[in-house]
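# Working through the structure, step by step
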Amino acid sequence: MTTVITFGTFDVLHVGHLRILQRSSELGDRLVVGVSSDALNVAKKGREPVFSQEERCELVVNLKCVDEVFVEESLELKRDYIQKYAADVLVMGDDWAGRFDFASDLCRVVYLPRTPSISTTGVIEHISKLGGS
Ligand code: C2G
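So, here is what we can say about the structure in this document.

Another point: the side chain of Glu72. Relative to the elements of secondary structure, Glu72 occurs in strand β3 (residues 68–72). For Glu72, a relative accessible area of 1% gives the class buried. Residues within four places of Glu72 in sequence aside, it is in contact with Phe7, Gly34, Val35, Ser36, Ser37, Leu40, Lys78 and Tyr81.

In structure tokens:
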């Protein structure tokens, strides 16, 4: 059985998130997703996510292509997570290209192209403009 692992915040879930998860799942038999903790998001992006880590995990784990989720507490623990979940493939969006090559002795590292023209920040800005009109 081939296990695929990927990571992300998945805040304000949108079709870009869904598509990368679907394409990740096609690279193996089982897809495990590390969902960034609220604290990690504050450290990484300087703001609280819109949806809590529990809500983000609940949304992601209920997508058909996802088998299991866990909360990613630290960016530094990638190697531990890969080993803990016995991942054969690590998938990241190509905005991270090259930055996870340090794990290539543990598993295959694949960067998939992002879906153009959609982002959590874009969705938040769109909604706040609607609210202001
Ligand atoms: N994504 C995508 N297309 C978009 C937006 C996002 O394919 N239009 C992908 C990203 O490349 C990433 C995943 O969806 O692989 C999750 O995106 P984010 O929630 O923005 O993830 P990020 O905060 O970059 O977290 O340790 C790495 C981090 O946890 C990645």
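Additional details are given in the paragraphs that follow.
Attention now moves to the nonpolar core. Leu21, Val33, Val60 and Val66 are the most contacted members of the largest nonpolar core, which totals 16 residues. The set of elements that each furnish at least two residues to this core consists of α1 (15–25), β2 (30–36), α3 (53–61), β4 (89–93) and β5 (108–112). Among the elements that line this core, the one with the most residues is β2, at three residues. When residues no more than four places from it in sequence are discounted, the contact partners of Val33 are Thr6, Phe10, Leu21, Val60, Val66, Glu68, Val69 and Phe70. Among the nonpolar cores identified, the runner-up in size contains 14 residues, and Ile5, Tyr81, Ala103 and Cys107 belong to it.

So, about α3. Turning to α3, its buried residues number three or more, namely Gln53, Arg56, Cys57 and Val60. Viewed along the axis of α3, the buried residues span an arc of 100°, placing them on a single side of the element. Opposite its buried face, α3 presents the exposed residues Glu54 and Glu58, each directed more than 90 degrees away. In this structure, the buried side of α3 is in contact with α1, β2, α2 (38–45) and β3.

Glancing now at the site of the ligand. In the vicinity of the ligand, 21 residues are found, and the nearest of them are Phe10, Lys45, Lys78, Thr115 and Ile118. Between the ligand and the protein, one listed contact pairs an oxygen atom with a side-chain N or O atom of Lys44 at 3.2 Å. Between the ligand and Thr115 there is a distance of 2.8 Å, counted from a nitrogen atom to a backbone nitrogen or oxygen. Coverage of the ligand by the protein amounts to 95% of the 630 Å² it exposes when considered alone. Every element with two or more residues in the shell around the ligand is listed here: β1 (3–8), α1, α2 and β4. Considering every element that reaches the shell around the ligand, the biggest residue donor is α1, with three residues. When its residues are assigned to classes, the shell around the ligand shows seven nonpolar, eight polar and six charged.

Quick notes on the rules
Residues numbered from 1 in each chain as written. Predicted model: local features only at pLDDT ≥ 70, side-chain atom pairs only at ≥ 80, totals over all residues. Heavy atoms only, no water. Helix = DSSP H or I, 4+ residues; strand = E, 2+ residues; numbered from the N terminus. Buried < 20%, exposed > 50% of the residue type's maximum accessible area, 1.4 Å probe, protein only. Contact = heavy atoms within 4.5 Å. Core = buried A, V, L, I, M, F, W, Y, C linked by side-chain atoms within 4.5 Å. Arc of directions from axis to C-beta. Near = heavy atom within 4 Å. Polar contact = N/O pair within 3.5 Å; in protein donor to acceptor, adjacent residues only side chain to side chain. Areas by Shrake-Rupley, 256 points an atom, 1.4 Å probe, with all protein chains shown as cover. Nonpolar A, V, L, I, M, F, W, Y, C, P; charged D, E, K, R; others polar.

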